[in-house]
Amino acid sequence: MSPLLQVCDLTTHLFTVEGVVKAVEGLSFDLDADETLALVGESGCGKSMTALSLMGLVPDPPGRIVGGQVLLGDRDLLQLSEHEMQKIRGNEIAMVFQEPMTSLNPVFTVGDQIVESVLTHRQVSRRQARERAVELLDLVRIPDPRGRFDDYPHRLSGGMRQRVMIAMALACDPDVLIADEPTTALDVTIQAQVLDLLGELQGEFGMGVILITHDLGVVAGIADRVVVMYAGRKVEEAPVDDIFASPLHPYTQGLLGSMPRPGLEERLREIPGVIPSLIDMTPGCSFAPRCAKAMARCREEQPDHATIGDARVVACFAAEEEVAGRGLAVDT
Amino acid sequence: MNRTFLAVRRRLLQAVPVVFGIVAIIFLLLNLSPGDLVDVMAAEEQISDPQVLEQIRAEYGLDKPIYVQLANYVWNIVHLDLGYSFRHSQPVWDVIVERLPATLILMSVSMALALFIGGLAGVVASIKVNTLYDNLISVVAIIFFAAPSFWIGLMMMVLFSVKLGLLPVSGMYTIGGDYSLAGEIWDVTRHLVMPSFALGLFYAAIYARVMRASMLEVSGLDFIRTARAKGLGEKRVAFKHILRNALLPVVTLFGLQLGTMLAGSVVIESVFSWPGIGTLVFEAVLTRNFPLVMGVLLFGSILVVIANLAVDLVYMRLDPRIELR
Amino acid sequence: MANPVTEFWRRYRRNGAAVVGLAILCVVVAMALSAPVFFPTNPLRLVGPAELWPLTDARFPLGTDSLGRDIAAQLAHGAGTTLIIGLVASLVATTIGVGIGAAAGYYGGLVDDVLMRFTEIFQTIPNLIFLLALVAVLGPKIEHVVIGIGLISWTSVARLVRAEFMTLREREFVLASRAMGMSDLRIIVTQILPNAIPPVIVLASLIVAGAVLFESALAFLGLSDPNIASWGGLIGEGRLLIRTSWYVCALPGLAILLTVLALNLIGDGLNDVLNPMLKNR
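Residues numbered from 1 in each chain as written. Chains lettered and ligands numbered in written order. Predicted model: local features only at pLDDT ≥ 70, side-chain atom pairs only at ≥ 80, totals over all residues. Heavy atoms only, no water.

### Thoughts on the domain arrangement of chain A
All names here are of chain A.
Line of reasoning, step 1. For chain A, the assigned domains are domain 1 (1-92 + 176-261 + 268-282) and domain 2 (101-173).
Line of reasoning, step 2. Here the C-alpha centroids of domain 1 and domain 2 sit 26 Å apart.
Line of reasoning, step 3. Counting residues at the interface gives 18 residues for domain 1, matched by 15 residues for domain 2.
Line of reasoning, step 4. Of all residues in domain 1, N91, L197 and F205 bury the most surface against domain 2, accounting for 39% of the area lost on that side.
Line of reasoning, step 5. Between domain 1 and domain 2 we count one salt bridge in total. (Domains from an automatic or database assignment. Contact = heavy atoms within 4.5 Å. Buried area = accessible area lost by both parts, 1.4 Å probe. Salt bridge = Lys/Arg side-chain N within 4 Å of Asp/Glu carboxyl O.)

### What about the sheet that holds strand β1 (residues 5-15) of chain A?
Residues and elements named next belong to chain A.
Line of reasoning, step 1. Spatially, β2-β1-β4-β5 is the arrangement adopted by the four strands of the open sheet, whose pairing is antiparallel. Two strands bound the open sheet, and with one partner strand each, they are β2 (20-31) and β5 (75-76).
Line of reasoning, step 2. As paired strands, β1 and strand β4 (residues 63-72) are joined by eight bridges and run antiparallel to one another. Across the sheet, T12 pairs through a bridge with I65, a residue of β4.
Line of reasoning, step 3. Along the sheet, helix α1 (residues 47-55) makes contact with β1, β2 and β4, crossing β1 at roughly 110°. (Pairing = 2+ DSSP bridges. Helix = DSSP H or I, 4+ residues; strand = E, 2+ residues; numbered from the N terminus. Axes fitted to C-alpha atoms, helices over the stretch in contact; angles between N-to-C directions.)

### Thoughts on the side chain of A:R161
Residues and elements named next belong to chain A.
Line of reasoning, step 1. Locating R161 in the fold gives a position in helix α6 (residues 158-170).
Line of reasoning, step 2. Although R161 is buried, it makes no salt bridge; E99 carries the closest opposite charge, 8.5 Å away.
Line of reasoning, step 3. Of note is the side chain of R161, whose polar atom sits 3.0 Å from the backbone oxygen of M101.
Line of reasoning, step 4. Not counting chain neighbours up to four residues away, the residues in contact with R161 comprise P100, M101, L104, P153, H154 and L156. (Buried < 20%, exposed > 50% of the residue type's maximum accessible area, 1.4 Å probe, protein only. Lys, Arg positive; Asp, Glu negative; His and termini not counted. Polar contact = N/O pair within 3.5 Å; in protein donor to acceptor, adjacent residues only side chain to side chain.)

### Description of the nonpolar core
Line of reasoning, step 1. Core analysis: the biggest nonpolar cluster contains 170 residues, and B:I96, B:L154, B:M294 and C:F165 have the highest contact counts within it.
Line of reasoning, step 2. With 18 residues, the top contributor of residues to this core is helix α9 (residues 184-220) of chain C.
Line of reasoning, step 3. Per-domain counts for this core show at least three residues from each of domain 1 (2-91) and domain 2 (107-286) of chain B.
Line of reasoning, step 4. Not counting residues up to four positions away in its chain, the partners in contact with C:F165 are C:A102, C:G105, C:Y106, C:I188, C:I192, C:L193 and C:A196.
Line of reasoning, step 5. Counting residues in hydrophobic clusters, the runner-up holds 75 residues, among them A:L10, A:L27, A:L52 and A:C172. (Core = buried A, V, L, I, M, F, W, Y, C linked by side-chain atoms within 4.5 Å.)

### Focus on the arrangement of the chains
Line of reasoning, step 1. Here the protein chains form two pairs of chains in contact, of which the pair with the most contacts is chains B and C.
Line of reasoning, step 2. Here chain A and chain C are not in contact; the least distance found between their C-alpha atoms is 16 Å.

### Structural notes on the interface of chain A and chain B
Line of reasoning, step 1. On the chain B side, the residues contacting the 25 residues of chain A number 20 residues.
Line of reasoning, step 2. For the pair chain A and chain B, the summed buried surface comes to about 2100 Å²; carbon and sulfur atoms form 58% of the total.
Line of reasoning, step 3. For the chain A face of the interface with chain B, the top three residues by lost area are A:V107, A:F108 and A:E116, together amounting to 27%.
Line of reasoning, step 4. Connecting chain A to chain B are three salt bridges.
Line of reasoning, step 5. Close ionic contact of B:K230 with A:E116 constitutes a salt bridge, the shortest N to O distance being 2.8 Å.
Line of reasoning, step 6. Linking chain A to chain B there are 11 residue pairs in polar contact (both at pLDDT 80 or more).
Line of reasoning, step 7. Of all elements in the fold, only α1, α3 (110-121) and α6 of chain A reach the threshold of two or more residues within the side of chain A that touches chain B.
Line of reasoning, step 8. Of the residues belonging to the side of chain A that touches chain B, the class tally is 11 nonpolar, 10 polar and four charged. (Nonpolar A, V, L, I, M, F, W, Y, C, P; charged D, E, K, R; others polar.)

### Points about the pattern of salt bridges
All names here are of chain A.
Line of reasoning, step 1. Tallied over the full model, the rule gives 27 salt bridges over all chains.
Line of reasoning, step 2. With its nearest N and O atoms 3.1 Å apart, the salt bridge here joins R132 to E135. You can see R132 and its partner E135 sitting in helix α4 (residues 126-139), three residues apart, about one turn around the helix.
Line of reasoning, step 3. Residue class for E135 comes out partly exposed when judged on its relative accessible area of 47%.
Line of reasoning, step 4. Via salt bridges that share partners, E35, R225, K234 and E237 belong to a single interconnected network.

Here is the structure:
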């Protein structure tokens, strides 16, 4: 069965006064229906720009998608006109944003904003749309959904607003849900609730979910597969258990090292150095300047994606050597 | 509706000291004016007998200490007694009320023009930002923002009345014109075109600039991206989600400028001999009819207070975040 | 960042429109300064035939008005009047506004309440009618006109200064000054005010523009000082001639327009230099 969403070689650049920022560079991944894929990396690694590229919402100027394909079924979304894309946004692909405090329009009631989503894509009466909105508010576990319907966003807490955002995204039963750091702005206890909710809804709706986060802790409980991004590129991809059990890429290892884990008293290790400027990219691996395992080759040549076993991908010369040493098949 | 009621009550309570302050300032001005009411009266009525004058002074309480006079003045105002205009042989209140409709018509049409033209220009400029349209609108706006309104009025008069003969030069009615209702409305409309544009274009220029800046600012906010992510078209995003939020600063500015606009109508009315409060106060200043001048000042101020209240209510409807403290 | 003047000019220059504004203003100032040289006699003197169209007589390049007075001379002398009234009125307005705004913002509480109500009074009163009444009561003298315009123009300064003071008064350097036992007045003048000045300068330049418009309206209505040549006054006298000699109105109006335009453009330019954070709004 072919995957629900196929991203091939997606490349998005920002044309700024200072130069061309290569925000997303040759990114490829698949998303199956009924699967949660986590897109992980530090801020500024191109995760959010990837999400906006999939939605066709890259701010132009300065941004532009300069290459690649985004296949939803057999349609390449990048070839669609703006008008055709509008029919897909919020309908087949929906998105939940990072900032629930500012992502809802302050002058309309939350109910009206959900109704608007329904009416944009469904030929139903206003009353039916209203019923659907109340149903959705109930579905995202908002108490007294009928009462909350007429509330303005400023009356709701951050967690409640994020639930409203999720309800809005689910309004038209999307095939793909992109959640961009959906819990980053929330309190820790609320974070867990919202993540659980997303997990449950993913099963109920049978959607493919792309969860974007900088926090591997969020990934563990909810994702099926993980794509690690660094400086606009995919550096590693693996099933979630493998990522935690045996991270291959030095960057992934660094991310795990900087993650607090219960029971471990050892001090958190930070990855030394900073993310490179995405403007003046060096010819070699972009992680090389911060990498403890970097070799001479790493500074001259960009490592290709190597497939390891049947489900893992890594782009690192050192990792390839290690894996080969262990006698596993490496296919470049 | 409870929220509305509370807001109205709070604003009215706040307005009381303001109105009282205005009354005090006007009273001060009246007392600064050379000669008192009786001198004016004497000049108008040609009374010269000092005994009669003293009698009138006593009758009006003008021989009492100043604070008693202020108290009397306030007492009279509360009873809608703004004094007497000897020139019109009518109470000041009646003279003003008689001239009020003409000014209200001019004001409301000018305001509507300013909001509509300015708002539309600002929206267009923001949607077509940094294009020829945007630049053109900016240049026109900055010119009308700098031009004196009375001069715009005169230049329109030269062009549309004197050269092209399209519109009547001045006044509000054509004497001996069509007296049917439709004919009268058409007649007044024709007379209204130039004065309302002359008064409104300055404010249209301001609103265009504010609206453009406000639209651009709102269009960069997170919830606009949410609206796009829903699959809304650009028109709907602009006219529903951006516009509603971008209107707020324009409405605030509109409320702040009501007084200025009412005052601006003095000049425009006198340019076009529009028979409203503006020409009335201008004539009153020329004839040194101070009770009438101060009456108009007070009446105008209270009009502004009431209009401001209405603007506040509109603002509350537009912005649900305004909660009462 | 070598010389602050050079640096200022380097940043101001980036706004092309503001440079144009400055150039226009320089021409107006030059006109005002050279008026006594080129037109040494009283510009309100009758010097030639009435209603002479511009460019018809070399002696009167811009023509004459209804009484045969030289329009060029009146424009040149009017430039000075306009600029001085505008500047002084703006100074008056800024002084009142800074005083009231600073007190309201610094002390807050009851003082703030009272002063803000006071500000609201002047915001509510229809400003030009108040100006007419004031000048009518005090008499049409240039100093009364200036004070009157100042009195109706200060509210925006007070609101701005109040807002600035309310944020600045909580800052560390102010708290430190207070802990050192500095008097309120000294804190206001030496500590907070210098930090609040840049936006006030921008607003003051816009108030000059507004003052020029107020003065022209007053003069147009014939209620300004009748013994001083002024652009608005010339339009007021010319309005009776619009059927035949409309240039008498058009020329001084154009002069007002260009001057006010220049002042507004300069205000925008100053804003770009002095409030760089607000630039992208």
